[in-house]
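Commentary on secondary and tertiary structure
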Amino acid sequence: MKVKLGGKEYTIQFATRPSLKSHILQDIMKTQDMEDISSMEDILLETLPKTLLVGLQMHHNEEFGYDYKTNEGYDEQLEKVSDILYDAIDTNEINCMDLFADMQEEMMTNGFLAQMMESIAKAQEQEQEKKKTPSKTKTKN
């Protein structure tokens, strides 16, 4: 997916290692239970910039990269992404909730997570087929 922030276009793609190391999937799942304004603030202050930073790792590592194993440089890069993100929100360049929804969609439809979800769906489908098929081991009278 492409996003324009601060007049520059970025490609967002969720690579396996940074996504898993950052525990971004847990953060995304927590947002599904959003019930109050403090949850919305958490998304805007923490989850949205973190998700954007993780999504920038594959194609913009030279500008926003950090060490996934040690998190060295993470805070500085998160601050840089947050500044660009909040400027884009404040100037109405982007709608923050649309961006968040688009990134969730990207995560669920492309890359390793989409493959993972497809495998889970296939396994569930096969399990349901097994339940529908009568057993051949029944004895005949």
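Structural data are supplied above this passage.
Residues numbered from 1 in each chain as written. Predicted model: local features only at pLDDT ≥ 70, side-chain atom pairs only at ≥ 80, totals over all residues. Heavy atoms only, no water.

1. Quick look at the overall build of the chain
Of regular secondary structure, the chain possesses 7 helices and 2 strands. When its helices and strands are written in sequence order, the chain yields β-β-α-α-α-α-α-α-α. Expressed as a percentage of its 141 residues, the buried residues of the chain come to 34%. (Helix = DSSP H or I, 4+ residues; strand = E, 2+ residues; numbered from the N terminus. Buried < 20%, exposed > 50% of the residue type's maximum accessible area, 1.4 Å probe, protein only.)

2. Describing helix 2 (residues 24-31)
Ile 24, Asp 27, Ile 28 and Thr 31 are the residues of helix 2 that are buried. Take helix 2 and look down its axis: the buried residues cluster within an arc of 100 degrees, on one side only. Within helix 2, the exposed residues directed more than 90 degrees away from the buried face are Met 29 and Lys 30. (Arc of directions from axis to C-beta.)

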